[in-house]
Amino acid sequence: MFGERIKELRLSLKLNQVEFGKTLNVTKQCVCNWENGNIQPSADMLIRIATKYSVSVDFLLGLSQNRGIDVSGLTNEQISHIQMLINDLQQNNNGEKS
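Right, let's walk through the structure included here. The numbers attached to residues start from 1 for each chain and follow its sequence in the written order. Local features are withheld for residues below a pLDDT of 70 in this predicted model, meaning they are given only at 70 or higher, and side-chain atom pairs are given and counted only at 80 or more; totals for whole chains, interfaces and linings count all residues. Heavy atoms from the whole structure form the basis of all side-chain values; hydrogens and water molecules are not counted.

### So, the overall build of the protein
Strands are runs of DSSP state E lasting at least two residues, helices are runs of H or I lasting at least four, and both sets are numbered from the N terminus onward. Looking only at helices and strands, the protein features six helices and zero strands. Starting at the N terminus, the α and β elements of the protein follow one another as α-α-α-α-α-α. Considering the protein as a whole, with its 98 residues, one finds that 30% of them fall into the buried category. Two residues form a contact once any of their heavy atoms are found within 4.5 Å. The contacts of the protein with a sequence gap of at least 6 include a subset with a gap of at least 24, amounting to 50%. Partly exposed residues are those whose accessible area sits between 20% and 50% of the maximum for their type, while under 20% is buried and over 50% is exposed, using a 1.4 Å probe and protein chains only.

### Section: the packing of helix H2 (residues 17-24) against helix H3 (residues 28-35)
To define axes, lines are fitted to C-alpha atoms, for helices over the stretch in contact only, and angles between the resulting N-to-C directions are given on a 0 to 180 degree scale. Closest axis-to-axis distance for the H2/H3 pair is 8 Å, and the angle between their directions is 105°. Overall, the two elements H2 and H3 adopt an arrangement that is roughly perpendicular. Seen from H2, the contacting residues are Gln-17, Val-18, Phe-20, Gly-21 and Leu-24; seen from H3, they are Lys-28, Val-31, Cys-32, Trp-34 and Glu-35. Under the grouping applied here, Gly and all other residues not named as nonpolar or charged are polar, the nonpolar ones being Ala, Val, Leu, Ile, Met, Phe, Trp, Tyr, Cys and Pro and the charged ones Asp, Glu, Lys and Arg. Grouping the amino acids of the contact of H2 with H3 by side-chain chemistry returns six nonpolar, two polar and two charged. Oblique is the label for any angle not covered by the other classes, which are roughly parallel (under 35 degrees), roughly antiparallel (over 145) and roughly perpendicular (65 to 115).

### Overview of helix H4 (residues 43-53)
Taken together, the buried positions of H4 are Met-45, Leu-46, Ile-49, Ala-50, Thr-51 and Tyr-53. Two residues or fewer past H4, Ser-54 is found with a positive phi of approximately 50°.

### Brief notes about helix H1 (residues 2-12)
Residues of H1 that are buried: Phe-2, Gly-3, Arg-5, Ile-6, Leu-9 and Arg-10. Down the axis, H1 shows its buried residues gathered within 165° of arc, on one side only. Residue Lys-14 follows H1 closely and has a positive phi angle near 60°. Comment: arc refers to directions from the helix axis out to C-beta atoms.

### Observations regarding the state of the cysteines
In this description, a disulfide is simply a cysteine sulfur pair whose atoms lie within 2.5 Å. Scanning the model with the defined rule gives zero disulfides in all. Cys-32 supplies the cysteine sulfur nearest to Cys-30, a cysteine that is in no disulfide, at a spacing of 9.8 Å.

### A closer look at the packing of aromatic side chains
Aromatic rings from Phe, Tyr and Trp, taking only the six-membered ring of Trp, are treated as a pair when their centres fall within 6.5 Å; an angle between ring planes under 30 degrees marks them as stacked, one over 60 as edge-to-face, and anything in between as tilted. This model, assessed by the stated rule, comprises two aromatic pairs. With 5.9 Å between their ring centres and 80° between their planes, Phe-2 and Trp-34 make a pair best called edge-to-face. Taken together, the positions of Phe-2 in helix H1 and Trp-34 in helix H3 put the pair 32 residues apart, joining distant regions of the chain. Here Phe-2 and Trp-34 have matching classes, each one buried. Residues Phe-20 and Tyr-53 carry aromatic rings whose centres are separated by 5.4 Å and whose planes lie at 20° to one another, so their mutual orientation is stacked. A residue pair is termed long-range when its members are at least 10 positions apart, and Phe-20 in helix H2 and Tyr-53 in helix H4 qualify at 33 residues. Each of the two residues, Phe-20 as well as Tyr-53, counts as buried.

See the structure below:
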């Protein structure tokens, strides 16, 4: 299911495998292997993809049809905390690329 979802996401962004891979610091071959179900990404990579493209990990894994993150039932404080965590992850990912 992950392979289908990652391809769906990539195509919705109008990116080829090379372009999509570059955004995640992986090769075209890696993206191709994901899409064909030959390999599965690490948990860290799942988080990186979900964060970068604002989709839920549940969506990527085929556990949900909803691409976004369901925040219904969460308090504003919980949502703020999640946003802070996402911002921290994005800053850490940007720091790794430098």
